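These are the residues of each chain, in order.
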Amino acid sequence: MTILLTGGTGKTSSRIAHLLNKQDVPVILASRSGTAPTGFTGCRFDWLDETTYGNPFEIEANITALYMVAPVAFDLLAAMKPFTEYAINKGVKRFVLLTSSTTPKGGHAHGKVHEYLAERGVDYGVLRPTWFMGKYTAQKPILSREGSPSAKFFCTLNSCASAIRHIPFFSYQLFIDPLT
Ligand SMILES: NC(=O)c1ccc[n+]([C@@H]2O[C@H](COP(=O)([O-])OP(=O)(O)OC[C@H]3O[C@@H](n4cnc5c(N)ncnc54)[C@H](OP(=O)(O)O)[C@@H]3O)[C@@H](O)[C@H]2O)c1
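Owing to the predicted nature of the structure, the values given are computational and were not obtained by experimental measurement.

Parameters and conventions
Residues numbered from 1 in each chain as written. Predicted model: local features only at pLDDT ≥ 70, side-chain atom pairs only at ≥ 80, totals over all residues. Buried ≥ 20, exposed ≤ 12 C-beta atoms within 10 Å, placed from the backbone. Helix = DSSP H or I, 4+ residues; strand = E, 2+ residues; numbered from the N terminus. Arc of directions from axis to C-beta. Contact = placed C-beta atoms within 7 Å. Core = buried A, V, L, I, M, F, W, Y, C linked by C-beta atoms within 7 Å. Pairing = 2+ DSSP bridges. Right-handed = clockwise from strand over helix to strand, strands pointing away. Expected span 1.5 Å × (residues − 1).

### A short note on helix α4 (residues 110-120)
Reasoning step 1: Considered for burial, the residues of α4 that qualify are His110, Val113, His114, Tyr116 and Leu117. What you see down the axis of α4 is that its buried residues fit within an arc of 160°, all on one side.
Reasoning step 2: Looking at the buried side of α4, the elements it contacts are α3 (76-89), β5 (94-98) and β6 (123-127).
Reasoning step 3: Trailing α4 by a residue or two, glycine 121 shows a phi angle of about 80°, which is positive.

### Some points on the environment of leucine 127
Reasoning step 1: Locating leucine 127 in the fold gives a position in strand β6.
Reasoning step 2: With 59 residues separating them in the primary sequence, leucine 127 and methionine 68 have C-alpha atoms 9.9 Å apart.

### Considerations on unusual backbone geometry
Reasoning step 1: With a phi angle near 60°, aspartate 24 is a residue other than glycine that sits in the positive phi range.
Reasoning step 2: For aspartate 24, the position within the fold is in the loop between α1 (11-22) and β2 (27-31).
Reasoning step 3: The phi torsion at alanine 109 lies on the positive side, around 55°, for a residue other than glycine.
Reasoning step 4: Structurally, alanine 109 is set in the loop between β5 and α4.

### Section: the nonpolar core
Reasoning step 1: Formed by 36 residues in total, the largest nonpolar core has its most connected members in Leu5, Tyr67 and Met68.
Reasoning step 2: Those elements giving two or more residues to this core turn out to be β1 (2-6), α1, β2, β4 (63-68), α3, β5, α4 and β6.
Reasoning step 3: Here this core gets five residues from one element, more than from any other, and that element is β4.

### Some thoughts on the pairing of β4
Side chains on a regular strand alternate between the two faces of the sheet.
Reasoning step 1: Among the six residues that make up β4, five are buried, leaving the element largely enclosed by the rest of the structure.
Reasoning step 2: Sheet analysis places β1 next to β4, joined by four bridges and oriented parallel. Its bridge partner lying in β4, leucine 5 is registered against tyrosine 67.
Reasoning step 3: One ladder, built from four bridges, connects β4 with β5; its direction is parallel. Residue pairing in the sheet places alanine 65 in a bridge with arginine 94 of β5.
Reasoning step 4: At this point the chain moves from β4, through α3, to the parallel β5, and the crossover so formed is right-handed.

### Some points on the pairing of β1
Reasoning step 1: Counting buried residues in β1 gives four out of five residues, a clear majority hidden from the surface.
Reasoning step 2: Bridging between β1 and β2 involves four bridges; their strand directions are parallel. When the bridges of β2 are listed, leucine 4 appears paired with isoleucine 28.
Reasoning step 3: A crossover connection joins β1 to the parallel β2 through α1; in handedness this β-α-β unit is right-handed.

### What about α3?
Reasoning step 1: Spanning 14 residues, α3 covers 20 Å between terminal C-alpha atoms, matching the ideal 20 Å at 1.5 Å per step.
Reasoning step 2: For α3, the elements touching its buried residues are β4, β5 and α4.
Reasoning step 3: Two residues or fewer after α3 comes glycine 91, characterised by a positive phi angle close to 100°.

Next comes the structure, spelled out in C-alpha cells:
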C-alpha cells in the first residue's frame, strides 16, 4: 500500500505524510518541484503536464490511494480528470479530494471534480475544511480533538489521514473553529 499525496510540498500533504509515516504507511509526495523532507520520497508531478503522470508509478507501481490537491487552473475538472483517469487505469483504488466547506458537489471548480468522482464509480472521499484552515502556518501546531481535548479545532488532519487510508465511500466535511 502506497499513498500518493499531490500538493506534496503544501500545507496539508506535508502534515498528512508525517501522520501516515507514523502509521508505517508509505507515501510519495508529488509536486512540480518534486522536493521532499529527509526520509520521504518526492516526485516531480504536474497536473497540467501529462508527461509527468508516469513518474509516481516508476517509483512505486502499486499505488493504492490518491490524495488530490488541486492545482491553480481555470477549469479544475479539465485539469484534474486526465491524471485521475490515468491513475484509475494504473490500478489506484481510492481517491480523496481536498475541496472546501463552501463548495458543494456540482458547484464551481472543486465541486465539478467532486461530482465527477461521485459519478465515476470509484471509491472516493471529499474533505471540506473551512477557510479557517488558512490560519495554519508552518509554525502553528495542527491540533486535533483526539490529540488534544482542549484544542479549538473540531477535527483536523488526523481525520484526513484516516480518511485517505481507511474510510470508503464518504463525503466528509471538516468544521474547524477559528483560533481565538
Ligand atoms: N487555505 C485555506 O484556508 C483552504 C481552506 C479550504 C480548502 N483549501 C484548499 O486546499 C487546497 C490547497 O491545499 P494545501 O493548502 O495543502 O496546499 P498549498 O499549501 O496551497 O500548496 C499547494 C501544493 O500544490 C502544488 N502544486 C501547485 N500547482 C501544481 C500543479 N500544477 N501540479 C502539481 N502540484 C502543484 C505545490 O507545489 P509545487 O509548487 O512545487 O508544484 C504545493 O505542494 C486548495 O485546493 C484550496 O482550495 C484551502
